[in-house]
Structures are given as C-alpha cells and as structure tokens.
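Listed below, chain by chain, are the residues.
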Amino acid sequence: MAGHDMAGHAMAAGAERARREIQKKLVVLFVWAAAFAFVEAAVVVYLRRIFYPGGFAFPLKPEMLESTLGVEIAREAATMIMLAAAAWLADTRPWVRFGYFMAAFGIWDIFYYIWLWAVLGWPPSVFTLDVLFLIPIVWVGPVWSPVVVSAGLIGCGAAVAYRTGGGGVFRLGAGGWSAVVLSGLVIIASYLWWGPAAMCWEMPGPYPWWIFWPGFALGLGAFFRAWRDAPPGDSG
C-alpha cells in the first residue's frame, strides 16, 4: 500500500509540474500573440492612411483591392502559418499544440482590434463592420463577431492545453469533429453573406447574426460535451 501511495503522489506531483509548465507557456504565448497582433495592426494602419485618410468605412475602394489584394492574401496566409508554427514549437503533443494554436489565434485577433483602437481610435463601436479576411473572397462582419469567436477559442484552447498537457484526457470523436467543422462553416457563411457585394464596391447590408449564433453555439457545445464526456485514458 505504501508503494502505491508513493507512486500516486509521484504521479500527482508530475502532473502538477506539467500543468505549471503549460501555464508558463500560455503566458509566453499570450505575450507573443499580443505583440504579433501589433505588427498586423501596424500594416493595416499604413494601408488605411494611404487609402482611407479620412477613416475606414464601406463601401471598399477599388484601388485598394486592385493594388494590394495578392499581397494581402499572401500576408494573411503567412499569418496563419506563423500562428500554427508557434503552437507547433511550443509542445510535441497534438492536442496541446491544437490548444495553443486556438489560444494564440484568439489572443492575436482580439489584440489586433485593441491596437487599432489605441492607434487610430477605430473601431468606434463593436458593431462597426470590418473586412475580416480575404480568402477566398472578402469576409464582412461587425467587430463583435470575431471577438466572440476569439474569446471562445482562447477559453477552449487554454482549457484543452491545460488538461491534456497535465496528463488528462480530451476527446472529440467523429461526431464532435463533425460539429466543430460544421460550426466553422456556418460562421464563415455569415461572413461571406455580403462578401460578393463588398467586392463589387457596394455597401453591405445588415449582418446575418441569425446565422452566426447557431454556428457558434454548435461549436462551443461540441467542445463542452467532449470536455464533460471524455472517458479516462482515451484521447482523439
């Protein structure tokens, strides 16, 4: 019995050390992603001062997309690669890496808007429409929507990294993965709703929040169920 108790204490101590290490890495990742967000925001500051000296607003200006679209798409792809690379280098375990990537993406996205507001005083409101992404076409949505998604990514990513990094279990399974993928596609559909109009230099209409919220709830629910129901000793 004493041997079993000692082994149990040693395992618990090892798990606690691993969780502390995860916490440290999450802090470093937070600082890195926030700093990287400033680099991203600085590029947008330059673009807006060139093409929108009076302040950014829809409809888009043809000269901006026509002169910078290829470079901007490549920059966005490079940003995703850098976020994924940072998560990959931070650990060797797949779920921990995935958790780090989600957290890093969320921190980067939220701080991007914080830095824009600090430098430009933009956005004036969380309901202000913005160009969110350019692949494959322009994504349009109010600032609050990517911030909500990013907050969910930070919470879920940090929780998954903390649990699996400390020796715990997280399992989505086929049904969970299907729900998460569908959630992402629904949210993206809400952003693409006015994309064709924006690319034709037209003013986007009201954001289809009635598409966004069910998609967001589906993804968050899938992670909650996986967190609650993962059986001991299983991960996948």
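Residues numbered from 1 in each chain as written. Predicted model: local features only at pLDDT ≥ 70, side-chain atom pairs only at ≥ 80, totals over all residues. Heavy atoms only, no water.

1. As for the packing of aromatic side chains
Here is the rule: To pair, rings of Phe, Tyr and Trp, with the six-membered ring standing in for Trp, must have centres within 6.5 Å; the planes then decide the type, stacked if under 30 degrees apart, edge-to-face if over 60, and tilted in the middle. Between buried and exposed lies partly exposed: a residue is buried under 20% and exposed over 50% of the maximum accessible area for its type, with that area taken using a 1.4 Å probe on protein chains only. Labels follow the DSSP assignment, with helices taken as runs of H or I lasting at least four residues and strands as runs of E lasting at least two, numbered in each case from the N terminus.
Within this structure, the stated rule accounts for 27 aromatic pairs. Taken together, a centroid distance of 5.0 Å and an interplanar angle of 75° make the contact between Tyr52 and Phe56 edge-to-face. Phe56 shares its class with Tyr52; the two are buried. Geometrically, the ring pair formed by Tyr191 and Tyr207 is stacked, given 6.1 Å between the ring centres and 25° between the ring planes. Of this pair, Tyr191 sits in helix H5 (residues 173–192) while Tyr207 sits in the loop between helix H6 (195–199) and helix H7 (209–229), and the two are 16 residues apart along the sequence. By the burial criterion, Tyr191 is buried, and Tyr207 matches it. The structure contains a cluster of three or more aromatic residues connected by ring pairs, namely Phe133, Trp139, Trp144, Tyr191, Tyr207, Phe212, Trp213 and Phe216.

2. Structural notes on the pattern of salt bridges
Using the following cut-off: Here a salt bridge means any side-chain nitrogen of Lys or Arg lying within 4 Å of a carboxyl oxygen belonging to Asp or Glu.
In this structure the tally under the stated criterion is 6 salt bridges. The closest approach of N and O atoms between Arg75 and Glu72, which form a salt bridge, is 2.4 Å. One end of the pair is Arg75 and the other is Glu72, both in helix H2 (residues 62–90) and 3 residues apart, which spans about a single turn. Of the two residues, Arg75 and Glu72, neither departs from the other in class, the shared state being buried.

3. Examining the confidence of the model for the protein
For clarity, the threshold we go by: For every residue, the pLDDT score states the predictor's confidence, bounded by 0 at the bottom and 100 at the top. Whether two residues are in contact is decided by their heavy atoms, any of which lying within 4.5 Å being enough.
Confidence in the prediction of the protein, expressed as mean pLDDT, is 90, and 91% of residues score 70 or more. Per-element averaging of pLDDT across the protein places helix H1 (residues 2–51) at the bottom with 82 and strand E2 (residues 139–142) at the top with 98. For the stretch residues 232–236, pLDDT sits under 50, and the model shows 15 contacts to residues farther than four places along the chain or on other chains.

4. Details of unusual backbone geometry
In this model, Trp122 is joined to Pro123 through a cis peptide bond whose omega is 10°. Mapped onto the secondary structure, Pro123 falls in the loop between helix H3 (94–120) and strand E1 (129–133). Geometrically, the link from Ile135 to Pro136 is a cis peptide bond, its omega value of 0° lying close to zero. Position of Pro136 relative to the elements: it lies in the loop between E1 and E2.

5. Regarding the side chain of Thr164
To keep it simple, the criterion reads: For this analysis, a polar contact is any N or O atom pair within 3.5 Å, provided that within protein one partner can donate a hydrogen and the other can accept it, and provided that sequence-adjacent residues contribute only side-chain to side-chain pairs.
Its place among the elements puts Thr164 in helix H4 (residues 144–165). For Thr164, a relative accessible area of 9% corresponds to the buried category. Separated by 2.7 Å, the side chain of Thr164 and the backbone oxygen of Val160 make a polar contact. With near-sequence residues (within four places) excluded, Thr164 lies in contact with Arg93, Trp95, Val96, Val169 and Phe170.

6. A look at the nonpolar core
When a protein is soluble and globular, its nonpolar side chains tend to lie buried together. Note the cut-off: The definition of a nonpolar core used throughout is a set of buried Ala, Val, Leu, Ile, Met, Phe, Trp, Tyr and Cys residues joined through side-chain atoms within 4.5 Å.
Of all hydrophobic cores here, the largest spans 49 residues; its most connected members are Leu60 and Tyr100. Mapped by element, the contributors of at least two residues to this core are H1, H2, H3, E1, E2, H4, H5 and H7. Broken down by element, this core gets its largest block of residues, 12 residues, from H1. Discounting residues that sit within four places of it in the chain, Leu60 has contacts with Tyr52, Leu65, Val131, Val138, Ala198 and Trp201.

7. Regarding H4
Three or four residues apart is the spacing at which side chains of an α-helix point the same way, because the helix has 3.6 residues per turn. Definition in use: Each helix should span, by expectation, one fewer than its residue count multiplied by 1.5 Å.
Over its 22 residues, H4 runs 31 Å from end to end, which matches the ideal 32 Å to within 8%, given 1.5 Å per residue. Following H4 by one or two positions, Gly167 has its phi on the positive side, about 95°.

8. Brief notes about the packing of H3 against H4
Quick reminder of the rule: Between N-to-C directions, angles span 0 to 180 degrees; the directions come from axes that are lines fitted to C-alpha atoms, helices contributing only their stretch in contact. Should an angle fall under 35 degrees it is taken as roughly parallel, and over 145 as roughly antiparallel, whereas 65 to 115 is taken as roughly perpendicular and any remaining angle as oblique. If you view the pair so one helix is near and one far, a crossing is left-handed when the near helix is turned anticlockwise from the far one by less than a right angle, and right-handed when it is turned clockwise. Each residue receives one of three labels: charged for Asp, Glu, Lys and Arg, nonpolar for Ala, Val, Leu, Ile, Met, Phe, Trp, Tyr, Cys and Pro, and polar for the others, Gly being one of them.
Packing of H3 against H4 leaves a shortest axis separation of 7 Å and a crossing angle of 150°. In terms of orientation, H3 lies roughly antiparallel with respect to H4. At the point where H3 passes H4, the crossing takes the left-handed sense. For the contact of H3 with H4, the per-class residue count stands at 18 nonpolar, 6 polar and 1 charged.

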